[in-house]
Amino acid sequence: MIEKIAHIGIAVKDIDKHLKLYRDILGMKIGERVKVPDQGVEVVFLETGDTRIELLQPLNEDANINKFLEKRGEGQHHICLEVDDIEAELKNLEENGIQLIDKKPRKGACGEMVAFLHPKSTGGVLIELEQKKK
Ligand code: ZN
């Protein structure tokens, strides 16, 4: 079951450059800022009440997100949906023929389990599922 939109991911080249807008001009609160080496990104979460905005920047030249930035430039990268049982959700999606990037959940930026669905199956949007905190 989908609980809510957990966050919206925006790919940027330089997080600090964009904090001027979100933090200084719009006055949003900065949440966690973490490096996720196995995904090749550094992320920062901006608090917006019940949902968050996640800015992602590449950690190095080999990062996957560089391909996105080269092809499409900075912009909306993914939508993250919070689910109550990520394992059950992935099984349900797979049984219904939805193409998964991650067949098994892996650790996300903030320690919770996440998995991505392939945009081919979702109308062109990269969707991340995130296990609701228990
Ligand atoms: Zn995300």
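Residues numbered from 1 in each chain as written. Predicted model: local features only at pLDDT ≥ 70, side-chain atom pairs only at ≥ 80, totals over all residues. Heavy atoms only, no water.

Caption draft 1: Local environment of the pattern of salt bridges. A full pass over the atoms with the stated rule returns 10 salt bridges. Linking Arg-33 and Asp-16 is a salt bridge whose minimum nitrogen-to-oxygen distance equals 3.1 Å. Here Arg-33 is found in strand 2 (residues 29-36), whereas its partner Asp-16 is found in helix 1 (residues 15-25), with 17 residues between them in sequence. The exposure class assigned to Asp-16 is partly exposed, which follows from its relative accessible area of 47%. Members of the salt-bridge network, linked through shared partners, are Asp-16, Arg-33 and Glu-42. (Salt bridge = Lys/Arg side-chain N within 4 Å of Asp/Glu carboxyl O. Helix = DSSP H or I, 4+ residues; strand = E, 2+ residues; numbered from the N terminus. Buried < 20%, exposed > 50% of the residue type's maximum accessible area, 1.4 Å probe, protein only.)

Caption draft 2: Geometry of the sheet that holds strand 4 (residues 51-58). The sheet built from 8 strands is open, its strands ordered 2-3-4-1-5-8-7-6 with mixed pairing. Looking at which strands have only one partner, the edges of the open sheet turn out to be strand 2 and strand 6 (106-107). Taken together, the 4 bridges between strand 7 (residues 113-117) and strand 8 (residues 127-131) define a ladder with antiparallel strand orientation. The residue of strand 8 that forms the bridge with Val-114 is Glu-130. Its contacts with the sheet place helix 2 (residues 65-72) against strand 1 (2-11), strand 3 (41-48), strand 4 and strand 5 (75-83), and it is angled at close to 90° to strand 4. (Pairing = 2+ DSSP bridges. Contact = heavy atoms within 4.5 Å. Axes fitted to C-alpha atoms, helices over the stretch in contact; angles between N-to-C directions.)

Caption draft 3: Seen up close, the layout of surface pockets. Roughly 750 Å³ of volume is contained in the largest pocket. Listed by contribution, the elements that provide at least two residues to the lining of the largest pocket are strand 3, strand 4, helix 2, strand 5, strand 7 and strand 8. When residues in the lining of the largest pocket are grouped by element, the largest group, 5 residues, is from helix 2. Looking at the lining of the largest pocket residue by residue, the classes come out as 14 nonpolar, 7 polar and 9 charged. (1 Å grid on protein atoms, 1.4 Å probe; cavity = no way out; pocket = protein on both sides within 12 Å on 5 of 7 lines; lining within 4 Å. Points joined across faces, edges and corners; volume = space filled by probe spheres on them. Nonpolar A, V, L, I, M, F, W, Y, C, P; charged D, E, K, R; others polar.)

Keep in mind these numbers describe shape, not what the thing actually does.
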